[in-house]
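Chain by chain, the residues:
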Amino acid sequence: MWPIEDPCEQLRWRIPCRPPATENVSVLVVGDRVAVVLPPGETLVFTADEADGLAALLDKAVGFATNR
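Fair warning: this is a prediction, and the values are worked out from it, not measured in the lab.

1. A few points about the overall build of the protein
And step 1. Within the protein, the secondary structure is distributed over one helix and five strands.
And step 2. Going from the N terminus to the C terminus, the protein shows its helices and strands as β-β-β-β-β-α.
And step 3. When burial is assessed residue by residue, the protein has 18% of its 68 residues classed as buried.
And step 4. A fraction of 0% describes how many contacts in the protein between residues 6 or more apart in sequence connect residues 24 or more apart.
And step 5. Working note: accessible area of the protein is about 5400 Å², and carbon and sulfur atoms make up 59% of it.

Below is the structure:
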């Protein structure tokens, strides 16, 4: 994950997806919201609390995936 297009504030990231490795998920912080843009362009917008919940679920999923 690396910040792009906003080096001063680091409010946007592109995260490579697997598979396929050619696609990216974009994560943007817009005011008090977090937007996730999925290929092929679907957009999800979360409040800060919802984004925290999503991060916790993703951390748990990674834990399950690495323990198998």
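Structure's up, so let's keep going.
2. Examining the nonpolar core
And step 1. Listed in full, the six residues of the largest apolar core are V25, V27, V34, V36, F46 and A51.
And step 2. The set of elements that each furnish at least two residues to this core consists of β3 (24–30) and β4 (33–38).
And step 3. Beyond its immediate sequence surroundings of up to four residues, F46 is in contact with D32, R33, V34, V36, A51 and L54.

3. Quick notes on the confidence of the model for the protein
And step 1. Taken over all residues, the pLDDT of the protein has a mean of 76, while the share at 70 or more is 69%.
And step 2. Per-residue pLDDT, averaged within each element of the protein, yields its smallest value for strand β1 (residues 2–3) (44) and its largest for strand β5 (residues 42–47) (91).

4. Quick look at the environment of V30
And step 1. By the secondary structure assignment, V30 is in strand β3.
And step 2. Residues V30 and V45, 15 residues apart in the sequence, show an inter-C-alpha distance of 9.4 Å.

5. Here we look at the pattern of salt bridges
And step 1. Scanning the model with the defined rule gives one salt bridge in all.
And step 2. Put simply, D32 and R33 hold a salt bridge, and the shortest N to O gap is 3.7 Å.

6. Looking at the pairing of β3
And step 1. Pairing geometry for β3 and β4, over five bridges, is antiparallel. Of the residues in β4, the one forming a bridge with V27 is V36.
And step 2. Here β3 folds back onto β4 in antiparallel fashion, the turn holding two residues, of which G31 has a positive phi close to 60 degrees.

7. Let's talk about the pairing of β4
And step 1. In the sheet, β4 pairs with β5 via six bridges, with the strands oriented antiparallel. Opposite R33, over in β5, you have T47 as the bridge partner.
And step 2. Where β4 folds back onto β5 in an antiparallel hairpin, the turn is made up of three residues, including G41, whose phi is positive at roughly 125 degrees.

Calculation rules
Residues numbered from 1 in each chain as written. Predicted model: local features only at pLDDT ≥ 70, side-chain atom pairs only at ≥ 80, totals over all residues. Heavy atoms only, no water. Helix = DSSP H or I, 4+ residues; strand = E, 2+ residues; numbered from the N terminus. Buried < 20%, exposed > 50% of the residue type's maximum accessible area, 1.4 Å probe, protein only. Contact = heavy atoms within 4.5 Å. Areas by Shrake-Rupley, 256 points an atom, 1.4 Å probe, with all protein chains shown as cover. Core = buried A, V, L, I, M, F, W, Y, C linked by side-chain atoms within 4.5 Å. pLDDT = per-residue confidence, 0-100. Salt bridge = Lys/Arg side-chain N within 4 Å of Asp/Glu carboxyl O. Pairing = 2+ DSSP bridges.

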